[in-house]
Amino acid sequence: MKGTGRQRFVRPQLATLVDAPPTGDDWVFEVKYDGYRIEALVRDGTARLLTRRGKDWTRRFLPVAQRLARLPVASATLDGELVALDRSGRSIFNLLQQSLDAGNHQRLTFFAFDLLQLDDRDLRGLPLDERRRVLQRMLRRAGAIRSGQVRLGQRLRGDGAALLRAACRRGLEGIIAKQRGAPYHSRRTRTWLKVKCGHRQELVVIGFTPPKGSRVGIGSLLLGAHERGALHYAGRVGSGMDGGTLRLLHRRLARMTRTSSPLASVPSGVPPATHWVQPCMVVEVSFTEWTRDGRLRHPVFQGLREDKSAKDVHRERAR
């Protein structure tokens, strides 16, 4: 990355889902934020904001980009999460989507939790704790540690199991565990682990049913996930969507219809009135558990995931 002039996008490091936090002094814990993973590329008084797949969303989050552009550096590449905070300081994905739809950027905050390069020096080979110290010094010089639209990602102190219980009581999505001495790798690793308070994941929309009664737009979304190289049915979701969301989804899905199912095989129980669609829309859904036949139990719609590709959506299994 040294001497590149215009920085290149760095594929983000991803955390592995596990069912319990690790133990030991070589692990540190952070809040698991509920928003969009964003890489900020700052150079010569300008900033670009890229999604986890490298899409340029600078204009979408322009006030945050303008704040990052004022960092006192020649160049920097920051890894973080862009969220919308409620009044208690929790990041809420639905609130983020509502803020964007309304053009309200006041709630938006970028939490920087890693620094990949600074002034054309590649930092990815340094231990996590050292990268964190450099990031903290840089943000402190900019007066952007605890307030404003750019903040240092929060580290948690204490035992991982106790921190997870506290996060869940507060209504957070979960916690992230990271190895202090590990370098930054652009792939999914076991030096970053995620532990969730409940079940949530991205799923592919494969169809929809027509509305009934007073409901508008659509009745429910049919969902799928990739496993063993094929797209498999995961159930359907109808709750968690207000009238505006139902109309928005119907407008988009109506342009994506197809005559046949995109599934590897259509299981029994799929509504006969289903409208099949091209499997390219990704949504996030919360649910209580997976059933034995691979269906979601009590799913609730959380929002569209425009930052993720449908082909990358696989059923997450805790290791």
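Rules of the game
- Here, residues in each chain are numbered from 1, in the same order as that chain's written sequence.
- Since the coordinates come from a predicted model, pLDDT governs what is reported: local features require at least 70, and pairs of side-chain atoms require 80 or more to be given and counted, while whole-chain, interface and lining totals use all residues.
- Note that water and hydrogens are dropped before the side-chain values are worked out from all heavy atoms of the structure.
- By the convention used here, strands pair only if DSSP detects at least 2 bridges between them.
- Secondary structure is summarised from DSSP: a helix means a run of H or I of at least four residues, a strand means a run of E of at least two, and numbering begins at the N terminus for each.
- Inter-axis angles, ranging from 0 to 180 degrees, are taken between N-to-C directions of lines fitted to C-alpha atoms, where helices are fitted over the stretch in contact.
- Contacts are residue-level and defined by heavy atoms, with any inter-residue pair within 4.5 Å sufficient.
- The buried label goes to any residue with under 20% of its type's maximum accessible area, the exposed label to any with over 50%, and the partly exposed label to all in between, with areas taken from a 1.4 Å probe on protein chains only.
- Here a polar contact is taken to be a pair of N or O atoms separated by no more than 3.5 Å, where protein atoms must pair a possible hydrogen donor with a possible acceptor and residues adjacent in sequence count only if both atoms sit in side chains.
- Within this scheme, the nonpolar core is defined by two criteria: the residues are buried Ala, Val, Leu, Ile, Met, Phe, Trp, Tyr or Cys, and they are joined through side-chain atoms within 4.5 Å.
- By convention, a stacked pair of Phe, Tyr or Trp rings (six-membered ring in the case of Trp) has centres within 6.5 Å and planes under 30 degrees apart, an edge-to-face pair has planes over 60 apart, and any other such pair is tilted.
- Here, over-ring charges are defined by two tests on the NZ atom of lysine or the CZ atom of arginine: distance to the ring centre within 6 Å, and angle to the ring normal within 35 degrees.

**Some remarks on the sheet that holds strand S14 (residues 230-237)**
At step 1: Spatially, the 5 strands line up as an open sheet ordered S14-S13-S12-S15-S18, and their pairing is antiparallel. For this open sheet the edge positions go to S14 and strand S18 (300-304), each flanked by a neighbour on one side alone. Going across the sheet, the axis of each strand differs from the next one's by a mean of 45 degrees, ignoring polarity.
At step 2: Two elements, strand S15 (residues 275-287) and S18, share 4 bridges in a ladder whose sense is antiparallel. By the bridge assignment, Glu-284 is partnered in S18 with Gly-303.
At step 3: The strands touched by helix H2 (residues 93-102) within the sheet are strand S12 (199-208) and S18, with S18 carrying the most contacts at an inclination of about 45 degrees.
At step 4: The sheet strands contacting helix H5 (residues 243-254) are S12, strand S13 (221-227), S15 and S18, and the helix crosses S18 at an angle near 60 degrees.

**Considerations on unusual backbone geometry**
At step 1: In this structure, Asp-44 is a non-glycine residue whose phi angle is positive, near 50 degrees.
At step 2: Tracing the backbone shows Asp-44 in the loop between strand S3 (36-43) and strand S4 (46-51).
At step 3: Taking the relative accessible area as the measure of exposure, Asp-44 reaches 62% and is therefore exposed.
At step 4: Positive phi values are uncommon outside glycine, yet Asp-120 reaches one of about 70 degrees.
At step 5: Position of Asp-120 among the secondary structure elements: in the loop between strand S6 (108-118) and strand S7 (121-122).

**With respect to the side chain of Arg-131**
At step 1: Structurally, Arg-131 is set in helix H3 (residues 128-141).
At step 2: Looking at Arg-131, the relative accessible area reads 1%, which means it is buried.
At step 3: In terms of polar contacts, Arg-131 uses its side chain to reach the side chain of Asp-114, at 2.7 Å.
At step 4: The contact partners of Arg-131, leaving out residues within four places of it in the chain, are Asp-114, Leu-115, Leu-123, Arg-124, Leu-126, Ala-182, Pro-183 and Tyr-184.

**Here's the deal with the nonpolar core**
Soluble, globular proteins show a tendency: their nonpolar side chains are buried together.
At step 1: Core analysis: the largest hydrophobic core is formed by 36 residues, its most contacted members being Phe-61, Leu-68, Leu-78, Phe-110 and Met-138.
At step 2: Here Phe-110 is in contact with Ile-38, Ala-40, Val-64, Leu-68, Leu-78, Asp-79, Gly-80, Glu-81, Leu-82, Gln-149, Val-150 and Arg-151, once residues within four sequence places are set aside.

**Some remarks on the packing of aromatic side chains**
At step 1: The tally for this structure, following the rule as stated, stands at 8 aromatic pairs.
At step 2: Each ring, one from Tyr-33 and one from Phe-111, has its centre 4.4 Å from the other, and the planes form 10 degrees; the classification is stacked. Within this pair, whereas Tyr-33 is found in the loop between strand S2 (27-31) and S3, its partner Phe-111 is found in strand S6, the two being separated by 78 residues in sequence.
At step 3: The class for Phe-111 is buried, based on a relative accessible area of 7%.
At step 4: Put simply, the rings of Tyr-36, Trp-57, Phe-61 and Phe-93 pair up and form one aromatic cluster.
At step 5: The aromatic ring of Trp-290 is capped on one face by Arg-315, whose charged end is 4.2 Å from the ring centroid.

**Some details on the sheet that holds strand S10 (residues 174-179)**
Adjacent strands of a sheet pair through backbone hydrogen bonds, lying either parallel or antiparallel.
At step 1: Reading across the sheet, the 5 strands line up as S1-S11-S10-S2-S9 and stay open at both edges, with mixed pairing between neighbours. Taken across any chain shown, the strands that pair with only one partner, and hence form the sheet edges, are strand S1 (14-17) and strand S9 (155-156).
At step 2: In this structure, S2 lies alongside S9, joined through 2 bridges in antiparallel fashion. The residue of S9 that forms the bridge with Glu-30 is Arg-155.
At step 3: This element, helix H4 (residues 160-169), spans S2, S9, S10 and strand S11 (188-196) of the sheet and lies at about 150 degrees to S10.

**A closer look at the pairing of S12**
At step 1: Within S12, 9 of the 10 residues are buried, leaving the element largely enclosed by the surrounding structure.
At step 2: Judged from the 9 bridges that link them, S12 and S15 form a sheet pairing that is antiparallel. Of the residues in S15, the one forming a bridge with Gln-201 is Val-285.
At step 3: Direction of pairing for S12 relative to S13: antiparallel, over a ladder of 4 bridges. Counted as the bridge partner of Gly-207 is Leu-222 from S13.

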